[in-house]
Structure formats: structure tokens, C-alpha cells
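# Observations on the model geometry
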Amino acid sequence: MKKKIVIIGSSFAGYTTAVNLAKLLSGKHEIVVIDRQPEFYFLPSFVWYPFGYRNTEDISFDTRPIYEELGITFIQENVYGFDLEDQLIYTPNHDIEYDYLVVATGARPRYESIKGLYPGENSWSISDLENAMTTRKAWKNFLKNPGPIVIGISQWAGYFFAAYEFLFNTVYQLDKKKLLDKVSINFITPEPYLSHFGIDGLGRDPAKWEQLFKDLNIKAHVNSEIHEIRNNEVILENETHLDSNFTLIIPQFIGVNAVRTTRNFADENGLLKVTDEFYHPNYPNVYAAGGAVSVPQLNETPIGLGVPRTQTPTEKMAQAVARNLTSDLKGGDRISISTQELYDYCRKDMNYLSRMISEESKNGKDTLSFIAKGTQDKWANMTMKKYIEASFSKNFMYTK
Ligand SMILES: Cc1cc2nc3c(=O)[nH]c(=O)nc-3n(C[C@H](O)[C@H](O)[C@H](O)COP(=O)(O)OP(=O)(O)OC[C@H]3O[C@@H](n4cnc5c(N)ncnc54)[C@H](O)[C@@H]3O)c2cc1C
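Treat the numbers as computed from the prediction; the structure is a model and nothing was measured. (Residues numbered from 1 in each chain as written. Predicted model: local features only at pLDDT ≥ 70, side-chain atom pairs only at ≥ 80, totals over all residues. Heavy atoms only, no water.)

Bringing the site of the ligand into the picture now. The environment of the ligand is made up of 29 residues, and the closest members are S11, A13, D35, G291 and Q311. Residue E165 places a side-chain N or O atom 3.5 Å away from an oxygen atom belonging to the ligand. Isolated, the ligand exposes 1000 Å² of accessible area, and the fraction of that covered by the protein chains is 93%. Looking at the shell around the ligand, the elements with two or more residues in it are α1 (12-25), α4 (160-176) and α7 (311-330). A class-by-class count of the residues in the shell around the ligand yields 12 nonpolar, 11 polar and 6 charged. (Near = heavy atom within 4 Å. Polar contact = N/O pair within 3.5 Å; in protein donor to acceptor, adjacent residues only side chain to side chain. Areas by Shrake-Rupley, 256 points an atom, 1.4 Å probe, with all protein chains shown as cover. Helix = DSSP H or I, 4+ residues; strand = E, 2+ residues; numbered from the N terminus. Nonpolar A, V, L, I, M, F, W, Y, C, P; charged D, E, K, R; others polar.)

Structure below.
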């Protein structure tokens, strides 16, 4: 009998699941994707958006023609809840039934955790397109009246690389505009040492990072916890006050409200604990992938860190969900991925930036010229292209 599979979220996790499922199920079952927006936004490129390296059309594509080609139905709706017993999804306009549900809703910034952290209040954000656009305006205004800068990561945040990348791009911009000598830069992070990244480092010497920060005249504050962000000031829990005319902090991310508010579904952070095959232990017809999944922390640190999240583990989870759901429907191999393997994929992604610092840069100037060469841009372009091509490529299928 034909079954209905509904995927909520159409970004890295949801899009990858949908495309893989369409290929594996060859039209024998109904696939529906729901997202509040039809565009796929390439989130990692938001790091460059404020500096004008990227415009919206460079970092997004409309998923609908691809879904149509693959026989997938797309519904643009904001899901606000689930009835897991009756297998219903609630949106403002419809109650949508499902036989299988895939939660690929990612996570949302927890701006409310720190006073003054809301974008536009006393700090700026690159966590979504709207805020990246506002941050671009804020950056332009800052350049008219430059002063001290604070860039950093909040306690319990996990996107460490976004903060480091934004920091180095900021330094590069200031250097290009001959403003580096006029601006003091503070970098705050809950990591116990620079380049910890929530995984106790990548096996390289943190002293290299410390030297790089010195070369670039960036003052690093490790083991930092933010108390409050005020207009022109960031206050740490240890009572350090840092002047700032431009503050950008990567926040903690927690599960989206629709998942968090559904009873007996998510953990205390609104994320879904799933098996190694990515189904919910209490609801075997409910799968999850990507940022919506609860991944255990590897090690304890003096100040709480979030679990680092990157794109490859998300893709791998989504490919496993597609394969396992196919196995539920018509048999065949299943894929399981351990927490350790997820971290290994994440390490591989993070090695990229670390390599740039530790191997390709002898000093701060090297790092700046590396950024100037635009290697990161090329990488992003390639990845973006990969996603657009993905739906038509057999190579996109996951084989283990
Ligand atoms: C600033 C920043 C920079 C990053 N840089 C990198 C990097 O350089 N390299 C890297 O590998 N990773 C990077 N990441 C991490 C990467 O972006 C995430 O791992 C990835 O986005 C997770 O994908 P996802 O599909 O699980 O969730 P998301 O990308 O968050 O997508 C969730 C989707 O679900 C939809 N949705 C959510 N709730 C609802 C609802 N209630 N109803 C309908 N639709 C809903 C959203 O509209 C969205 O389309 C970065 C993250 C950030 C924030």
C-alpha cells in the first residue's frame, strides 16, 4: 500500500533526505516536504554576507522545480506542532496526516539566553538571512565611525567555526581599509583554549593559534561566559567589561518551538534523541536528521560548550534516514552511524579551516592573504553547486 512520508524542513537535512528518498522509492510512495520557505539558503555563506562578498541570489536556490522533477510535493507552511499518536502535523492552514515523519527542522538561536543578545538590540547576528542583511548595514555604519570590536561565541554555543571565520574576515576587511591600527579587537569564547572547537582540538598545537592572534593584534578571552551585552559594552561573568562599537556573537542553538513544545518528544534543549538508525525510540515511524538531532557532548569543560555541527554529519544522517525508511517500506540494507562517527565527519569538516591556520599560514599576514585569495569562497561555491546538481546526480546516493 502506498505510504505518505512527510519531511519537515528543506535545508541540508530535509533536502538531502527528500532527494535520496525519491531516488530510492522510485515514485512508489508519496513524498511531501514542508518548509516555511521554498528557497534553500546556503547558511555557511552568511559569514561573508555582511562584507558584501555574497548576495542573496548567490547563496540560494528555489527547491520547487527540483522537487517537481522528482515527483515530490512541496508545501510552504509553518509547522507549529505534532500529534504523534494520531500521526498529524499542525500548520495554520492544514492538519497534515503522515505514515512516516522526518524532522529536519534544524535548531534556532537562543537569543533570549543573554540580555542584549537579540540582533539589533546591542549585538548583530549572521544566523539567518534577514539578520545577515541587517548586519551588513551595521557593518557599513561601523566603517563610518570605527572603534572597538567584540566578536565571539556564547556559552553553550556550538558553531565555533562561524565565529573564527567571521573574526578573520573582519580582520581582513579592516586591513584592506587600513583601519587595523585604529580598531581594537576582542574575541570571546567559552573554549578552554583557542582551537578547542568543542572537540578538544584537532590535534594541532593551540600555541600556533595564540601566536596568530598576537600577530593580528586580537585579544583572546578563553573560558569566557557572557553576562550581558550593553550598548557599546560586553560584560563577562568574571566582571570584565569590554568596550565595543560592533558586537557579533554566535549564540547557543536549541530545538525549534514546534518540536520543543510537543509533549514527550524532545530533550531539555528541544532536540530529538534518536537511535543510531535515526528513528525516535518511542515512535519508530518518526525519523530525524541534522541540527534537530540531540548529539551527546564528548567531554566536559569548565564553561559549557555546545556540540559542534557541520554539514557532512548532517548529510550523512539524512542519507541514513532515507535508506532506513526505504528499508522499512521495502526491505534492504540499513545504515547506522555512531556518535563517534558523527564526530569524525565533523572533525573532517573542521580540519579545513584549521589547516589554513596551522599549515598554510606561517603568520598573521599569511592568513589574511589566504582569506584574500578567496579559497573559502571557492569551497562554498563548490558545495553550493554540489547541492544544486545533487538532485540529478546518481553520485549523490550514499553507499557505505
Ligand atoms: C553562521 C553559521 C555558519 C556555519 N558555517 C558552516 C560551515 O562553514 N561549514 C559547515 O559544515 N557547517 C556550517 N554551519 C552549520 C550548518 O549550517 C548546519 O549544520 C546546517 O544548516 C544544519 O542543517 P539542517 O538542515 O539540519 O538545519 P537548517 O539548515 O537550520 O534548516 C532547517 C530548515 O527547517 C525549516 N523549518 C524549521 N522550523 C520549521 C517549522 N516549524 N515549519 C516549517 N519549516 C521549518 C527552516 O526554514 C529551514 O529551511 C554554520 C551554521 C551557522 C549558523
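Structure's up, so let's keep going.
Let us now look at the sheet that holds strand β16 (residues 241-243). Whether parallel or antiparallel, the strands of a sheet pair through hydrogen bonds between backbone atoms. Taken in spatial order, the 3 strands of this open sheet run β14-β15-β16, and their pairing is antiparallel. Two strands in the sheet have a free side with no partner beyond their single neighbour: β14 (226-230) and β16. Sheet twist, expressed as the mean angle between neighbouring strand axes with direction ignored, is 15 degrees. (Pairing = 2+ DSSP bridges. Axes fitted to C-alpha atoms, helices over the stretch in contact; angles between N-to-C directions.)

Next up on the list: the packing of α1 against α7. With their axes 8 Å apart at the nearest point, α1 and α7 run at an angle of 35 degrees to one another. Both α1 and α7 take part in a crossing whose hand is right-handed. Residues F12, A13, T16, T17, N20, L21, L24 and L25 of α1 form the contact with α7, whose own contacting residues are Q311, T314, E315, A318, Q319, V321, A322, R323, L325, T326, L329 and K330. Here the residues of the contact of α1 with α7 are counted per class, giving 10 nonpolar, 7 polar and 3 charged. (Left-handed = near helix turned anticlockwise from the far one by under 90°. Contact = heavy atoms within 4.5 Å.)

Functional significance is not addressed by these values, which are geometric in nature.
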